[in-house]
Amino acid sequence: MHHTLEISDILGPVFSFTDPKTNIACTQVCKAWLENALDALWCRLDRLERLLRILGPMGQVGPQFPRLLTLLRFHIDNDKWDRFLFYSKRIRHLEVTDRASEIHQQAFSTLSIARPFLHLLPNLTHLTWKKGPSQPAESLVLCILFLTPALKSLSVETGNQDASDGDLAAINNFFKDVVYRSPQMEFFELQSETSFRKLGPSLSNLFLELPALEAVTLSEHLLTSDIITALAKCPHLQAIRTSNAPVGQEESDDLENFMPVVEPGAFPCIREMSIKAHLWNVLSFLQSDFPAPRLRRLVVQTVIHEDNDNVGSFFKLIADTCPDIEMLALSMPYDTDTAIAGLPFSDLEPLLQCGSLTSFRLSTREPLDMDDTDAAKVAVAWPRLQELSLSPSPTGMKQEGNHITLEVMASFAQHCPLLEVLELYIESSPIPPTEARKLFPNLKTLVLGLVGASYTSETLAGFLTDITPPNCTIKGAAYIFVDHEAHARAHASAAHSKLTKTLALLPMLRSVHAQYRQRLRAMEAEVERLLALVATAGLA
């Protein structure tokens, strides 16, 4: 065996890409391979009972709890602990959830009392804890067993809307243990339904005491003014993200009063931000001492559906203060019956000077008021685009005004070759002729809100086959306009059936295209071979 195949720095990355069955076989090659293959096998653990069985047999707590397991022996020999440590020191990622078999608290008590060393998983760097989220008083005490000084990432799901005083005390104590046991935490994620009014103060204190924090993900109702004010003082924080959670009335009030206190020098390393608030609050925040020019990714969810003037002011401010922004998303709720005009392209146009954009997502109740010429300007201005979504599924529809058509696809294919996701609300006719079609080389997902149903399924399916790669996922929804409300359901059903038939034709057409391209390549290879023979004969 070549000596390079015994170097851990080479073997480690190789085994990380092989499957468990292969790694098990590699443990039997030699000692060097044994260590590295075991590291790969035990690097990620999502079934804790797999590790606990090393200490002794496990069984059911009782016949009434068939999925609840515990250790059957309370006394654990030293050789079992040595074998436990042999494997546990290799674990870097641990995920504990309520799926599959559950482990009874008695087993954790045995671990806590009988362990001969302080840290059960001494080299653990990533911990995901989603066990018993509705019972934090019982669950979080168990999570503390796995907090180590080496821990860099912690993801926790705990707490509900009816959290008791005992639950809140358990969460507060857990935060204190995180600071004490894992002070070098770099990533923290908390998903909780508990009200910010109950959880906010202890959460703010947690962030103030984690100086190495680089990224935070919180349930959207927890990302309020007080939390942003606390995060502003984290010297290494780069990203603030949100995850969805049910929002009660108290949380809505907190989000509507989004006014963080930002002092000069705040957020020295920030690059990514998610915000849910009124758009005027977002504008005020970005115009404060917040270092907006540093932003590369910005996601904004509004509390209400904003009018076009506010949206236009927001886009203009982003263009003026965040010239190097790479990802921008604006989402507004659809829960309004007020008639709202579609966003005119003139409000979106200032963003075209942000040439570094790779992702832009806009979700509004009404479709955009833009035509093919406007869309072509977007394609030319953003050549690095990898993801573009322009309200493909509006709840409101407009018959007047401007619409983009399928002809604009050629502009996006030509000027945005890196596009992987494209979502548009678009006229289904006219369908461009064959000579005007261009292939999207890297497109993976295409979502179309198709207006009208004057096309034939075969023609549209042929067009989509010509412009998309064979592995591209295509989805769509039909939108129609009718003069009589009584006929709306019948017309909508017919349009939906036609679109469904179009999508059903795609696999067959793609297969035909694949066979055609294969034959074309074979013919080209044969032509090249004949030309080479002719050239050889001419030289002779």
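This structure is a prediction, so every number in the text was calculated from the model and none was measured.

Here is what the cut-offs are and how they apply
Residues numbered from 1 in each chain as written. Predicted model: local features only at pLDDT ≥ 70, side-chain atom pairs only at ≥ 80, totals over all residues. Heavy atoms only, no water. Helix = DSSP H or I, 4+ residues; strand = E, 2+ residues; numbered from the N terminus. Buried < 20%, exposed > 50% of the residue type's maximum accessible area, 1.4 Å probe, protein only. Contact = heavy atoms within 4.5 Å. Areas by Shrake-Rupley, 256 points an atom, 1.4 Å probe, with all protein chains shown as cover. Salt bridge = Lys/Arg side-chain N within 4 Å of Asp/Glu carboxyl O. Axes fitted to C-alpha atoms, helices over the stretch in contact; angles between N-to-C directions. Parallel < 35°, antiparallel > 145°, perpendicular 65-115°, else oblique. Left-handed = near helix turned anticlockwise from the far one by under 90°. Nonpolar A, V, L, I, M, F, W, Y, C, P; charged D, E, K, R; others polar. Pairing = 2+ DSSP bridges. Core = buried A, V, L, I, M, F, W, Y, C linked by side-chain atoms within 4.5 Å. Expected span 1.5 Å × (residues − 1). Polar contact = N/O pair within 3.5 Å; in protein donor to acceptor, adjacent residues only side chain to side chain. Phe/Tyr/Trp six-rings, centres within 6.5 Å; stacked < 30°, edge-to-face > 60°. pLDDT = per-residue confidence, 0-100.

K.L.:
Explanation requested: the overall build of the chain in the structure shown.
P.N.:
Along its length, the chain carries 18 helices and 18 strands. Looking at the chain as a whole, 47% of its 540 residues qualify as buried. Expressed as a percentage of contacts within the chain between residues at least 6 apart in sequence, the contacts between residues at least 24 apart total 78%. As presented, the chain carries roughly 26000 Å² of accessible surface, and 53% of it is formed by carbon and sulfur atoms.

K.L.:
Even after reading the chapter, I still don't get the pattern of salt bridges, so can you show me in this structure?
P.N.:
Opposite charge on two side chains permits pairing when their charged atoms draw close. Scanning the model with the defined rule gives 16 salt bridges in all. Where Lys-152 meets Glu-186, a salt bridge forms, and the shortest distance between an N and an O atom there is 4.0 Å. Note that Lys-152 is positioned in the loop between α7 (136-143) and β7 (153-157) and Glu-186 in the loop between α8 (165-181) and β8 (187-191), a separation of 34 residues in sequence. With a shortest N-O distance of 3.4 Å, Arg-181 and Asp-177 are connected by a salt bridge. Within this pair, Arg-181 and its partner Asp-177 are both found in helix α8, separated by four residues, close to a single helical turn. What makes Asp-177 buried here is its relative accessible area of 19%. Connected via shared salt-bridge partners are Arg-241, Glu-272 and Arg-297.

K.L.:
What is the right way to read the packing of α7 against α8 from this model?
P.N.:
For any two helices packed against each other, the geometry comes down to the angle between their axes and how far apart the axes lie. Where α7 meets α8, the closest approach of the two axes is 8 Å, and the angle between their N-to-C directions is 20°. As far as their axial angle goes, α8 and α7 are roughly parallel. In this structure, the crossing between α7 and α8 has a hand that is left-handed. Seen from α7, the contacting residues are Pro-136, Ala-137, Leu-140 and Cys-143; seen from α8, they are Gly-166, Asp-167, Ala-170, Ile-171 and Phe-174. Taken together, the residues that form the contact of α7 with α8 break down as seven nonpolar, one polar and one charged.

K.L.:
Would you take a moment to explain the environment of Ala-461 for this structure?
P.N.:
Relative to the elements of secondary structure, Ala-461 occurs in helix α17 (residues 457-467). Along the primary structure Ala-461 and Leu-506 are separated by 45 residues, whereas in three dimensions their C-alpha atoms are 5.9 Å apart. Look past the residues within four positions of Ala-461 in its chain and what remains in contact with it is Thr-502, Leu-505, Leu-506 and Leu-509.

K.L.:
Mind showing me how you'd approach the pairing of strand β17 (residues 445-451) here?
P.N.:
Consecutive residues of a regular strand have side chains that alternate between opposite faces of the sheet. Of all seven residues in β17, six are buried; the element is thus mostly enclosed. As paired elements, strand β16 (residues 421-427) and β17 share seven bridges and run parallel to each other. Residue Glu-427 lies in a different strand from β17, and its bridge partner there is Val-451.

K.L.:
Looking at this structure, I do not really get the nonpolar core. What am I missing?
P.N.:
Across soluble globular proteins, nonpolar side chains show a tendency to be buried alongside one another. Within the largest apolar cluster, 139 residues are counted, with the highest numbers of intra-cluster contacts made by Phe-146, Leu-231, Phe-267, Leu-298, Phe-314, Phe-315 and Phe-412. Considering each element in turn, this core owes the most residues, six residues, to helix α13 (residues 308-321). Not counting chain neighbours up to four residues away, the residues in contact with Phe-315 comprise Leu-328, Leu-330, Leu-343, Asp-347, Leu-348, Leu-351, Phe-360 and Leu-362.

K.L.:
In this structure, what is going on with the pairing of strand β10 (residues 239-243)? I would like to understand it.
P.N.:
Both strand β9 (residues 215-219) and β10 contribute to a ladder of five bridges, which runs parallel. Of the residues in β10, the one forming a bridge with Ala-215 is Ala-239. In this sheet, strand β11 (residues 272-276) lies alongside β10 in parallel orientation, the contact comprising two bridges. Bridged to Ile-240 within β11 is Met-273.

K.L.:
Explanation requested: the environment of Ser-389 in the structure shown.
P.N.:
By secondary structure assignment, the location of Ser-389 is in strand β15 (residues 387-390). Using a relative accessible area of 3% as the deciding quantity, one classes Ser-389 as buried. Placed 26 residues apart in sequence, Ser-389 and Ser-363 show a C-alpha to C-alpha distance of 7.7 Å. Setting aside its immediate chain neighbours within four residues, Ser-389 contacts Phe-360, Arg-361, Leu-362 and Glu-423.

K.L.:
Looking at this structure, how should I read helix α12 (residues 279-286)?
P.N.:
One turn of the α-helix equals 3.6 residues, which is why residues spaced by three or four share an orientation. Counting buried residues along α12, six of its eight residues qualify, which places the element largely inside the surrounding structure. For α12, every residue scored as buried is listed here: Leu-279, Asn-281, Val-282, Leu-283, Phe-285 and Leu-286.

K.L.:
Would you take a moment to explain α13 for this structure?
P.N.:
The end-to-end C-alpha distance of α13 is 20 Å, a good match for the 20 Å that 14 residues give at a rise of 1.5 Å each. If you follow the buried residues of α13, they end up packed against α12, β12 (297-301), β13 (327-331), α14 (345-348) and β14 (359-363). The backbone nitrogen of Asp-309 lies 3.2 Å from a side-chain oxygen of the residue at the head of α13, namely Asp-307.

K.L.:
Help me understand the packing of α8 against helix α9 (residues 196-208), please; the structure alone is not making it clear to me.
P.N.:
At their nearest, the axes of α8 and α9 sit 10 Å apart, and the two run at 5° to each other. The angle between α8 and α9 places the two elements in the roughly parallel class. Across from Leu-168, Ile-171, Asn-172, Phe-175, Val-178 and Val-179 in α8, the residues of α9 making contact are Lys-198, Leu-199, Ser-202, Leu-203 and Leu-206. Residues of the contact of α8 with α9, tallied by class, amount to eight nonpolar, two polar and one charged.

K.L.:
Quick question: what am I supposed to make of the packing of aromatic side chains here?
P.N.:
The relation between two aromatic rings is expressed through the spacing of the ring centres and the mutual angle of the planes. Tallied over the entire structure, the rule returns 17 aromatic pairs. Ring plane angle 75° and centroid distance 5.5 Å describe the contact between Trp-81 and Phe-84, whose orientation is recorded as edge-to-face. Highlighted residues: Trp-81 and Phe-84, both in helix α5 (residues 78-88), separated by three residues, approximately one helical turn. You can call Phe-84 buried: its relative accessible area is 1%. Here Phe-360 and Trp-382 contribute two aromatic rings whose centre-to-centre distance is 5.3 Å and whose plane-to-plane angle is 50°, an arrangement assigned as tilted. Residue Phe-360 is found in strand β14, and its partner Trp-382 is found in the loop between α15 (372-381) and β15; the two are separated by 22 residues along the sequence.

K.L.:
Where do I start with the confidence of the model for the chain in this structure?
P.N.:
Keep in mind that low pLDDT regions are not for reading the predicted coordinates in detail. Looking at the chain, the pLDDT average stands at 85 and 88% of residues meet or exceed 70. Here residues 246-250 scores under 50 on pLDDT; set against residues more than four positions off or in separate chains, the count is nine contacts.

K.L.:
Where do I start with the environment of Asp-82 in this structure?
P.N.:
Looking at the secondary structure, you find Asp-82 in helix α5. The exposure class of Asp-82 is exposed, given its relative accessible area of 54%. Residues Asp-82 and Pro-116, spaced 34 residues apart in sequence, show a C-alpha to C-alpha distance of 9.6 Å.

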